[in-house]
Amino acid sequence: MSESRLREEICRYGRSLFERGLTPGSSGNISLRLDDGGWLVTPTNASLGFLDPGRISRLDGRGNLVSGDKPTKEIPLHTALYESRGSARAIVHLHSTHAVALTMLPEIDPRAALPPMTPYYLMRAGETALVPYYRPGDPAVADAIRGLAGKYSSVLLANHGPVVAGDSLEAAVFATEELEETAKLYLLLRNLNPRYLSPDQVTDLAKTFGLDLPSLHDHEGHDHG
Ligand SMILES: [Zn+2]
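Keep in mind that what you see is a predicted model, and the values were worked out from it rather than measured.

J.: Any chance you could explain the coordination of the zinc ion here in plain terms?
T.: Perfect tetrahedral coordination of a metal by four donors corresponds to 109.5 degrees between them, and perfect octahedral coordination by six donors corresponds to 90 or 180 degrees. Glu-74 (OE), Glu-74 (OE), His-93 (NE2), His-95 (NE2) and His-160 (NE2) make up the full set of protein donors to the zinc ion, lying at 2.0 to 2.6 Å. Look at where the donors of the zinc ion fall in the sequence and you get E-x18-H-x1-H-x64-H. Here His-93, found in strand S5 (residues 90-93), pairs with His-160, found in the loop between strand S7 (154-157) and strand S8 (161-166); they are 67 residues apart in sequence, far enough to count as distant. The burial state of His-93 is the same as that of His-160; both residues are buried.

J.: When you look at the environment of Ala-142 in this model, what are you seeing that I'm missing?
T.: Structurally, Ala-142 can be placed in helix H5 (residues 140-146). Setting aside chain neighbours within four positions, we find Ala-142 in contact with Pro-76 and Ala-80.

J.: Sorry, what's going on with the nonpolar core here?
T.: Among soluble globular proteins, nonpolar side chains are generally buried collectively. Within the largest apolar cluster, 24 residues are counted, with the highest numbers of intra-cluster contacts made by Leu-102, Ile-108, Leu-122, Leu-156, Leu-179 and Tyr-186. Looking at this core, the elements that each hand over two or more residues are helix H3 (97-103), helix H4 (119-125), helix H6 (169-189) and helix H7 (199-209). Beyond its immediate sequence surroundings of up to four residues, Leu-179 is in contact with Leu-114, Tyr-121, Ala-125, Thr-128, Ser-154, Leu-156, Pro-162 and Val-164. Core analysis: the second largest hydrophobic core is formed by 22 residues, Leu-77, Ile-91, Tyr-152 and Leu-157 among them.

J.: I'm lost on the sheet that holds S5 in this one. Help?
T.: By definition, the strands of a sheet pair up through backbone hydrogen bonds, in either a parallel or an antiparallel sense. With respect to topology, 8 strands assemble into an open sheet ordered S4-S3-S2-S1-S5-S8-S7-S6, the strand pairing being mixed. Here the strands that pair on one side only, and so sit at the sheet edges, are strand S4 (65-67) and strand S6 (128-131). Taken over all neighbouring pairs, the strand axes of this sheet differ in orientation by 25 degrees on average, direction set aside. Contacts from helix H1 (residues 3-19) reach strand S1 (29-33), strand S2 (39-41), strand S3 (57-59), S4 and S5, with the element oriented near 155 degrees to S1.

J.: Would you take a moment to explain the pairing of S5 for this structure?
T.: Within a regular strand, side chains alternate between the sheet's two faces. Judged by which residues are buried, S5 turns out to be covered on both faces: Ala-90 and Val-92 on one side and Ile-91 and His-93 on the other are all buried. Relative to S5, S1 runs antiparallel, the two being bridged by 4 bridges. Note on S5: the bridge partner recorded for Ile-30 is Val-92. When S5 meets S8, the two strands line up antiparallel, connected through 4 bridges. By the bridge assignment, Ile-91 is partnered in S8 with Ala-165.

J.: How do you make sense of the confidence of the model for the chain when you look at a structure like this?
T.: Regions with low pLDDT should not have their predicted coordinates read in detail. Of the residues in the chain, 96% have a pLDDT of 70 or more, and the chain-wide mean is 94. This stretch, residues 221-225, has a pLDDT under 50; its non-local contacts, to residues over four places away or in other chains, come to 1 contact.

J.: So what exactly am I meant to see when it comes to the pairing of S7 here?
T.: Side-chain alternation along S7 places Ser-154 and Leu-156 on one buried face and Val-155 and Leu-157 on a second face that is also buried. One ladder, built from 4 bridges, connects S6 with S7; its direction is parallel. Its bridge partner being in S7, Val-131 is matched across the sheet by Leu-157. With H5 bridging S6 and the parallel S7, this β-α-β connection has right-handed handedness. As defined by bridge partners, S7 adjoins S8 across 4 bridges and the pair is classed as antiparallel.

Analysis parameters
- Residues numbered from 1 in each chain as written.
- Predicted model: local features only at pLDDT ≥ 70, side-chain atom pairs only at ≥ 80, totals over all residues.
- Heavy atoms only, no water.
- Donors = N, O, S within 2.8 Å, 3.2 Å for Na, K, Ca; no water.
- Helix = DSSP H or I, 4+ residues; strand = E, 2+ residues; numbered from the N terminus.
- Buried < 20%, exposed > 50% of the residue type's maximum accessible area, 1.4 Å probe, protein only.
- Contact = heavy atoms within 4.5 Å.
- Core = buried A, V, L, I, M, F, W, Y, C linked by side-chain atoms within 4.5 Å.
- Pairing = 2+ DSSP bridges.
- Axes fitted to C-alpha atoms, helices over the stretch in contact; angles between N-to-C directions.
- pLDDT = per-residue confidence, 0-100.
- Right-handed = clockwise from strand over helix to strand, strands pointing away.

What follows is the structure in structure tokens.
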């Protein structure tokens, strides 16, 4: 896809996410890795609902601004996830309500922030890690993401929002939406003793669709009876 088409795609998906209330005000950002090693990134203080394709920040492979507006200050989130997820081509970060709410609950497992509730959550978003709170723009958040060693394509930042990588912009957007909807389901069903997918059902999905789920690796070689 040509760079001008990719710029249009960023604006189109950005508007769609914004118009459905998935990230308010000028929150949220999108980045995309280009074939020459550079990136397109949404500018700082830009609403995802009103992006201008010609003003999207164009960075070279070292992260220097080549053209367009000044990039989002949340760049460290993106670089850390690209560094640790070699196959990632696009990253979406939102301040979506249900995913943010989830990060504040006391019972959340930082290595599996959501239980296996639906097949499409696992197929699109995989499992989700939760990293602690960092002040926006704090470069330490990048170390926290690198600390996950690339095992997770979807990460929740406590009291802040999701960061999700995909092998295309469409994949990253769909995974982010799936994560948000699953967080919403979790909140709807919390304390109602819902039936989640069983370990056998999760294993079956992983085998059938080739899902690389961190929990399956963690359990390798262990006998859980
Ligand atoms: Zn943010």
